Structures are given as structure tokens and as C-alpha cells.
Amino acid sequence: MSRTREPLISLALYHAFKWSIVSPMLHAYFRGRIYGVENVPKSGPLVVVSNHASYFDPPIVSNCVRRPVAYMAKEELFQVPVLAQAIKLYGAYPVSRGSADRNSIRSALEYLDNGWAVGVFLQGTRTPDGKITDPKRGAALLAAKAKAPFLPVSLWGSEKILQTGSIPRPVPLTIRIGKLIDAPSSTNKEELQAVTDQCATVINQLHDLGR
């Protein structure tokens, strides 16, 4: 299967998974509250940046922005059979953490060319309280290359979904979507870091609003 066709197939699977599983769980089971949907552009390249506290975050964010969002996911997750199939259904593609993964950047740009938004967790990994303390520049580099604005998203409460040895708990979730932040004008490290810090600040401020 060619790489250019894959997003079209993923798009069909994405919608099937969204409407049959993700959306009902978010609204009925997690009593999800969503604010700021009016800030989401309906078309055009878009880099969705958010905090991260749960494996459930990618489908939750994708559902709330109401656009297909392809996510970079650490390559280790693609070695877990059931989880690998689930995240592939939602447009995930592997990235090697801690290294400059040119293939992941190329995949993200291809998804953007195919009309998807691309999602990046700003810290690159989960944090215990959902706060961003050490944001990475990867999202800014992608936005600069694609000339795509950022859409900041905060998830509140998702760190409580899973406890050790338990099934997903019906905890209340709140998702807040901020206003667009312009893409960097260059790949200069200082500029990338500045806009990365700006995104982190906005997301943390949204998170502080709570339920």
C-alpha cells in the first residue's frame, strides 16, 4: 500500500472508531465538557498541541477538535498488539523519542497535505498531574516546516482515568481549546523555543481553570 493512500483509509477507520466508541464514551461515561470549539479552523494545516496525562488523550483530543488528528506516538506502543491496532485506527504513526526522527516529520507533513491536523503532546510524554513542565521544540519545528498555526488544547482530569490494575474509571473530563497561535517564521532555535514556551503557558493556564 502506498504511503499517499494510507491516510484516506485511516480517515474512514478514524470516523468509524470515533462515532462508535470514542464520542459515546467521552460524553456518557466521562461526562466530558468541551469549551472553545469555535477556535478550531475547519480546514487548512493545523498543529494541535496539548498536555498529556493518559493513554486515552489522543482520541479524546481528536474527538473534541472535530477534525481528524494524526498523532505521533512513541514507537514502543506499536509493539503492543491490541494498543497498536487501536492507535493505528486513529491515525497514529511511530516516532523515536529522544532523537531527530526525520521519518516522523515526513509522515506528519504528509498527513497535513492530506487534510488532517497533526497532534503533538508538548512534553513528549505523560505527566502525573497533566501540567507541562518541560516542553519540547518538536511541534514548533513541524509547524515552521508546514507553515501551520498551533491549536492549544488542555485536558483536565484524564490522569485519573486509569489506576494500577483497574478498568477505565468514569471520571469527569474537561477539555479547553485555546485560540490559534501563529507558526514560527523560521526554524531558528531561539524562535522555536519562544513559541514552544508560549504554547506551554497557554495550555497550563487553560488547565488551571479546572472543571
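In what follows, the structure referred to is the one given above.
Let me begin by describing the structure that accompanies this report. Predicted model only: the values in this text are computed from it and were never measured. (Residues numbered from 1 in each chain as written. Predicted model: local features only at pLDDT ≥ 70, side-chain atom pairs only at ≥ 80, totals over all residues. Heavy atoms only, no water.)

1. Section: the pairing of strand β7 (residues 174-177)
Alright, step 1. Because side chains alternate across β7, one face comprises the buried residues T174 and R176, and the other comprises I175 and I177, equally buried.
Alright, step 2. As judged from the three bridges shared by strand β1 (residues 33-35) and β7, these two strands associate in the parallel manner. Looking at the pairing, I34 lines up with I175 of β7.
Alright, step 3. Two strands pair when backbone bridges link them, and strand β6 (residues 150-156) and β7 are joined in this way by four bridges, in the antiparallel orientation. Following the sheet pairing, W156 is matched in β7 by T174. (Buried < 20%, exposed > 50% of the residue type's maximum accessible area, 1.4 Å probe, protein only. Helix = DSSP H or I, 4+ residues; strand = E, 2+ residues; numbered from the N terminus. Pairing = 2+ DSSP bridges.)

2. Focus: the environment of F121
Alright, step 1. Residue placement: F121 occurs in strand β5 (residues 117-121).
Alright, step 2. The spatial distance from the C-alpha of F121 to the C-alpha of A139 is 8.1 Å, given a sequence separation of 18 residues.

3. What to know about the nonpolar core
Nonpolar side chains in soluble globular proteins tend to end up buried together.
Alright, step 1. Counting residues in hydrophobic clusters, the biggest one holds 29 residues, and the most contacted among them are V47, V49, V118, L122, L142 and F150.
Alright, step 2. Sorting the residues of this core by element identifies β2 (47-50), β3 (69-74), β4 (93-95), α4 (102-113), β5, α5 (138-146) and α6 (189-208) as the ones contributing at least two each.
Alright, step 3. In contact with V47, not counting residues within four places along its chain, are V118, V120, A139, L142, A143, A148, P149, F150 and L151.
Alright, step 4. With 21 residues, the next largest nonpolar core counts L26, L46, L151 and I175 among its residues. (Core = buried A, V, L, I, M, F, W, Y, C linked by side-chain atoms within 4.5 Å. Contact = heavy atoms within 4.5 Å.)

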